[in-house]
Amino acid sequence: MAAFSLFSPAHIAPKPNLHFIKASTSDLPKTSPLPPSPSTQPQQPPLKPHHNIREEARLHNAATNSTNHPRFTAKYVPFTAISDPSSSDESYSLDEIVYRSQSGSLLDVHHDMSALKHFDGAYWRNLFDSRIGKTTWPFGSGVWSKKEWVLPEIDDDDIISAFEGNSNLFWAERYGKQFLGMNDLWVKHCGISHTGSFKDLGMTVLVSQVNRLRKMNKPLVGVGCASTGDTSAALSAYCAAAGIPSIVFLPANRISMAQLVQPIANGAFVLSIDTDFDGCMQLIREVTAELPIYLANSLNSLRLEGQKTAAVEIVQQFDWEEPDWVIVPGGNLGNIYAFYKGFSMCKELGLVDRIPRLVCAQAANANPLYLYFKCGWKEFNPVKANTTFASAIQIGDPVSIDRAVHALKNSNGIVEEATEEELMDAMAQADSTGMFTCPHTGVALTALIKLRKSGVIGPTDKTVVVSTAHGLKFTQSKIDYHSKDIKDMACRFANAPVQVKADFGSVMDVLKKYLLSKAH
């Protein structure tokens, strides 16, 4: 294998490289169509050039790249340098294939904040608002509409996007008022996305960068991940759009069929492995160190750059006002840090005045962060994750534990947990008010219920619950709940179909009884 350079081991920490390819990031109007040629024939309306949106962006960039535009850069730095910049001068270009620092710590994407601060908060608010609802490439994406804050140096032509993001921020009016006594409760439906989960926000960034690296002739044949379902769905979809092979390690018999069918349908090479997520994660890390496969798990900090845009969207959807609380389900724990990073950038660049308090919600069957929080951050111990309906967060040894702790400590955050019965009841209760939530959202709603009961979250606090995946991915758990087919669970809010004989009298009797029960 050593004689075949394509399969030479991937390095963990190359010599630091401070070289960056700088790219223009201005957002000027698109070029006008060329005027029609002179003709002796009667004038006809000018024909619009037959360019698709990617070609239009290419022409626009070619027409404006000679002008003097502000330049923004980003690089990898050790995560430990985020809280203590003096601790290390180590850094790497984003064009390096590197996942950890020389000391073995996680990396973080560090933006040149001094360059971004050349523009005030009003500039960034107006710029981001001007891109919403447009089909201009690539700004129709909720992620790439914040390109300067995500991957500022990537060429628009290298971006792989399904115009993800811009997801619904839903006012949960009835649920908040009826069950929690709240008038300002919101649900950020990140699951209303291309593949049905928030993972699309990060995967568009990662696969776009891989597309760029392959064009630079970097030794990459494909992209791989370990997954509990949603990551593999996002990876396979974006790789399919780019024409890049995707490799997926899934824990056998531990994810829903709706999640399993997505990577299969998108042409991924799927390995069903007889282990849990943590075992799959260990294997993919070993494999990507030996083969030309780019690691797509949240150990790779690129994905968090896309995921943080959900936080920017929230304040944007509130007309650039920050909420009081944001509650995020947590498994591998990259997402809680991504939300913190998004809010933190908004504050530092003058778009908002403060960072919301963050809550990370874990399933009690996979709760290492909760246990760490409850002991006052004294000692972290991984746990053996037990089966949970919230399968995407069934992780006992989270990669991003240090990131999560940093986010929570710097946002005066809290960690809560939900038992299986609590999360399923919360999911069913929310569904009864018009939502169609996933079990992970049930975990976050349970955390909200507990914090309301304890008085930590007040009745007038503007609170956002992050819904990370679409409920249609978890229909079997809903069927089992409403059929009361879950062992040792009361299923208090089950709503099973009523069996009725096929005659008018029987139907009338059942309906009259139902209507009487609903009469006020």
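Before reading further, recall that the structure is shown in the block above.
Residues numbered from 1 in each chain as written. Predicted model: local features only at pLDDT ≥ 70, side-chain atom pairs only at ≥ 80, totals over all residues. Heavy atoms only, no water.

Colleague: Is there a simple way to explain the nonpolar core in this structure?
Modeller: If you look at soluble globular proteins, the nonpolar side chains tend to sit buried side by side. Core analysis: the largest hydrophobic core is formed by 105 residues, its most contacted members being Trp-149, Tyr-294 and Leu-369. A total of eight residues in this core trace back to one element, the largest contributor, which is helix 13 (residues 334–348). Counting residues in each nonpolar core, the second largest holds 35 residues, with Tyr-175, Ile-414, Val-443 and Tyr-481 among its members. (Core = buried A, V, L, I, M, F, W, Y, C linked by side-chain atoms within 4.5 Å. Buried < 20%, exposed > 50% of the residue type's maximum accessible area, 1.4 Å probe, protein only. Helix = DSSP H or I, 4+ residues; strand = E, 2+ residues; numbered from the N terminus.)

Colleague: Got a minute to help me understand the side chain of Glu-90 in this structure?
Modeller: Relative to the elements of secondary structure, Glu-90 occurs in the loop between helix 2 (80–83) and strand 2 (107–111). Although Glu-90 lies buried, it forms no salt bridge, and the closest oppositely charged side chain, Arg-100, sits 11 Å away as judged by the N-O distance. (Lys, Arg positive; Asp, Glu negative; His and termini not counted. Salt bridge = Lys/Arg side-chain N within 4 Å of Asp/Glu carboxyl O.)

Colleague: Whenever I open this one, the pattern of salt bridges confuses me. Can you help?
Modeller: Summed over the entire model, instances satisfying the criterion amount to 19 salt bridges. Among the salt bridges present, the one from Glu-348 reaches Lys-117, with a minimum N-O distance of 3.1 Å. Note that Glu-348 is positioned in helix 13 and Lys-117 in the loop between helix 3 (113–116) and helix 4 (121–131), a separation of 231 residues in sequence. Assessed through its relative accessible area of 40%, Glu-348 is described here as partly exposed. Between Lys-308 and Glu-305 there is a salt bridge whose closest N-O contact spans 2.6 Å. The same class applies to Lys-308 as to Glu-305, namely buried. When salt bridges that share partners are traced, they join Asp-108, Glu-305, Lys-308 and Lys-341 into one network.

Colleague: Looking at this model, I keep getting lost on the packing of aromatic side chains. Mind explaining?
Modeller: For any pair of aromatic rings, the description rests on two quantities: the centre-to-centre distance and the angle between the ring planes. Counted under the stated rule, the structure contains 19 aromatic pairs. Aromatic side chains Tyr-175 and Phe-179 sit 5.5 Å apart centroid to centroid with 50° between the ring planes, which places their arrangement in the tilted category. One end of the pair, Tyr-175, and the other, Phe-179, are both in helix 6 (residues 173–180), four residues apart, so they sit about a helical turn from each other. The exposure class assigned to Tyr-175 is buried, which follows from its relative accessible area of 1%. (Phe/Tyr/Trp six-rings, centres within 6.5 Å; stacked < 30°, edge-to-face > 60°.)

Colleague: Would you take a moment to explain a nonpolar patch on the surface for this structure?
Modeller: On the surface, a nonpolar cluster with roughly 370 Å² of combined accessible area is contributed by Val-498, Val-500, Val-507, Val-510 and Leu-511. Note that Val-500 resides in the loop between helix 18 (475–482) and helix 19 (504–518). Under the relative-accessibility criterion, Val-500 is labelled partly exposed at 37%. (Patch = residues over 30% accessible without salt bridge, like charges linked within 9 Å, V, L, I, M, F, W, Y side chains within 5 Å. Areas by Shrake-Rupley, 256 points an atom, 1.4 Å probe, with all protein chains shown as cover.)

Colleague: Is there a simple way to explain helix 7 (residues 199–215) in this structure?
Modeller: Note: α-helices contain 3.6 residues per turn, so residues at a spacing of three or four share the same orientation. Between its terminal C-alpha atoms helix 7 stretches 24 Å, which fits the 24 Å expected from 17 residues at 1.5 Å a residue. Taking burial as the measure, the 17 residues of helix 7 include 15 buried ones, the bulk of the element. Residue Asn-217 follows helix 7 closely and has a positive phi angle near 65°. (Expected span 1.5 Å × (residues − 1).)

Colleague: Hey, could you run me through the sheet that holds strand 8 (residues 293–295) in this one?
Modeller: By definition, the strands of a sheet pair up through backbone hydrogen bonds, in either a parallel or an antiparallel sense. Spatially, 7-6-5-8 is the arrangement adopted by the four strands of the open sheet, whose pairing is parallel. Of all strands in the sheet, those with a lone pairing partner are strand 7 (269–273) and strand 8, marking the two edges. Looking at each pair of strands side by side, their axes are set apart by 25° on average, direction ignored. As paired elements, strand 5 (residues 222–226) and strand 8 share three bridges and run parallel to each other. Counterpart to Val-223 in the pairing with strand 8 is Tyr-294. Running over the sheet, helix 7 touches strand 5 and strand 8 and is turned about 145° from strand 8. Packed onto the sheet, helix 8 (residues 230–242) meets strand 5 and strand 6 (246–251) and runs at close to 170° relative to strand 5. (Pairing = 2+ DSSP bridges. Axes fitted to C-alpha atoms, helices over the stretch in contact; angles between N-to-C directions. Contact = heavy atoms within 4.5 Å.)

Colleague: Before we go on, may I ask you to explain unusual backbone geometry in this structure?
Modeller: Most peptide bonds are trans, and most residues other than glycine sit at a negative phi. For the peptide bond that leads from Trp-137 to Pro-138, omega is -5°, which places it in the cis range. In this fold, Pro-138 is placed in the loop between helix 4 and helix 5 (147–150). Although it is not a glycine, Asn-166 adopts a positive phi angle of roughly 55°. Structurally, Asn-166 can be placed in the loop between helix 5 and strand 3 (169–171).

Colleague: What should I look at first to understand the sheet that holds strand 10 (residues 357–363) in this one?
Modeller: Read from one edge to the other, the open sheet built from six strands follows the order 3-4-12-9-10-11, with strand pairing classed as mixed. Both edges of this open sheet fall to strand 3 and strand 11 (414–418), since each of them pairs with a single strand only. Averaged over all adjacent pairs, the angle separating strand axes in this sheet is 25°, with direction ignored. Strand direction decides the pairing type here: strand 9 (residues 325–329) and strand 10, joined by five bridges, are parallel. Note on strand 10: the bridge partner recorded for Ile-327 is Val-359.

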